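So the chains spell out like this:
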Amino acid sequence: MKLSSAFTGLLTLAAASNTQAFSLTMGTGNSFGRVFRISTWGESHGGGVGVTLDGCPPRIPITRDEIQVDLDRRRPGQSRITTPRNEADAVEILSGLNPEDITLGTPIGMLVRNKDQRSGDYLENDMNVAYRPSHADATYDAKYGVRAIAGGGRSSARETIGRVAAGAVARKILRMYNGIEVLAYVSKVQEIAAENVDHDTFTMEDVDANIVRCPDGPSAERMLERIDEIRKSGNSIGGVVTCVARNVPAGIGSPVFDKLEADLAKACMSIPAAKGFESGDGFEGTLLSGIEHNDEFYIDQETGATRTKTNRSGGIQGGISNGENVVVHVAFKATSTIAKSQNTVTRDGQAVELRGKGRHDPCVLPRAVPMVEAMVALTLVDAIMMQQAQCELFPNPAPSEEKPNPMGTTAHREGGPKENTMEGSGPIGLRVDEE
């Protein structure tokens, strides 16, 4: 076999280098997932944006309308507290489905064409040469030596269209697999927090009942007042989106580096403007002692399954799902582009003052809700497929009495709860010798 001269040169360089480490890695940050894998493409002010979804199981019924539902929740121009850019975000499915809308198991290509971009808002003023404070303008320039000035290119939230489209497919797979639901909501705007949200029962209709996307009506009103106040002043505001995944079976996720919450953290932190991630009680859990934070186990008297009395762990223990609700929180910073004067510098190093122009979200949170849902759904499908490949390729031949008791909200023990022969025997002694 004859190797190309370019590849031969790389091998020679790798072999000859004794003083400098050499590595050759594939990919440049535009793909996510291992088995259920997406690659997004396109810029905010280019011809369009889209996604290639590979690894989707065959024989999944999915229609364009099902995908469009999630895209409509993400699209701009929904209300006065989102960017007024007027885009229908109509998805075109280019491949991967047959005429009956059944997945073929081959890559699914989806495209949304840009219709209402106004590049002059960026190219015909100081934003052409000056970096927006806390935006990706400067870092993209530092990395590539060139950047897509109009609309922010790949750093724009418009890139998330591909994620949400693929996430709609993942949502369908999760529902078919185990009745899994992935629902997010705005839980905090600055210090104004949602109250009385039952993670077992709130619905998408509850979330979408107001433009803030908070299922707690009174809190949503206070949040909206704060957003309007900030918006009218030409400023922006941030907060927190909480996401709940129900009916996730126990056993999903892998130690050590592929823990479920670690994968979820990477997924959610890749969303534009995301700046923080918590699993379960997160940082608030650090204020509790062990006896306060631990989720005690019990046996569900109806199903016989092992359950936890509380869910401070957020449905994940040791990096593996325990069958309770998976709960994560994602913090989003205030939008970088604002209509207030700020000190910055130009590309050639001149100090200037910049006032942002164009159409931007005063608060990203309402549109971030479907983005978070999509990334959580994509992560869960990928983790479930990894679990199927490693641990469920062959059935466990052990008799039921030798298997661990079924665990979680959707688990059932055959024959119901096991008769308790240890009641009244007192605490079990446990000698522990851990590092």
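Reading guide: rules and limits
- Residues numbered from 1 in each chain as written.
- Predicted model: local features only at pLDDT ≥ 70, side-chain atom pairs only at ≥ 80, totals over all residues.
- Heavy atoms only, no water.
- Helix = DSSP H or I, 4+ residues; strand = E, 2+ residues; numbered from the N terminus.
- Buried < 20%, exposed > 50% of the residue type's maximum accessible area, 1.4 Å probe, protein only.
- Polar contact = N/O pair within 3.5 Å; in protein donor to acceptor, adjacent residues only side chain to side chain.
- Contact = heavy atoms within 4.5 Å.
- 1 Å grid on protein atoms, 1.4 Å probe; cavity = no way out; pocket = protein on both sides within 12 Å on 5 of 7 lines; lining within 4 Å.
- Points joined across faces, edges and corners; volume = space filled by probe spheres on them.
- Nonpolar A, V, L, I, M, F, W, Y, C, P; charged D, E, K, R; others polar.

Let's talk about the side chain of Thr 242
Part 1 of the argument: The residue Thr 242 is located in strand 8 (residues 239–246) in this model.
Part 2 of the argument: On the basis of relative accessible area, Thr 242 is assigned to the buried category, the value being 1%.
Part 3 of the argument: Side-chain polar atoms of Thr 242 contact the side chain of His 329, separated by 2.8 Å.
Part 4 of the argument: Not counting chain neighbours up to four residues away, the residues in contact with Thr 242 comprise Leu 183, Ala 184, Tyr 185, Ser 187, His 199, Val 327, Val 328 and His 329.

A short note on unusual backbone geometry
Part 1 of the argument: Cis geometry is found at the peptide bond from Pro 255 to Val 256, where omega equals 0°.
Part 2 of the argument: Mapped onto the fold, Val 256 is located in the loop between strand 8 and helix 8 (260–269).
Part 3 of the argument: Although it is not a glycine, Asp 89 sits at a positive phi angle of roughly 55°.
Part 4 of the argument: Within the secondary structure, Asp 89 sits in the loop between helix 2 (64–74) and strand 4 (91–93).

What to know about the environment of Gln 301
Part 1 of the argument: Considering the arrangement of structural elements, one finds Gln 301 in the loop between strand 10 (297–299) and strand 11 (306–308).
Part 2 of the argument: Along the chain, Gln 301 and Pro 417 lie 116 residues apart, while their C-alpha atoms are 6.0 Å from each other.
Part 3 of the argument: A polar side-chain atom of Gln 301 sits 3.2 Å from the main-chain carbonyl oxygen of Ile 299.

Thoughts on empty space enclosed by the protein
Part 1 of the argument: Per the stated rule, a full pass over the model turns up one cavity of 30 Å³ or more.
Part 2 of the argument: Of the volumes computed, that of the largest cavity is approximately 40 Å³.
Part 3 of the argument: Arg 132, Pro 133, Ser 336, Thr 337, Ile 338, Gln 342, Leu 354, Arg 355 and Gly 356 are the residues that line the largest cavity.
Part 4 of the argument: Across the lining of the largest cavity, the residue classes tally to three nonpolar, four polar and two charged.

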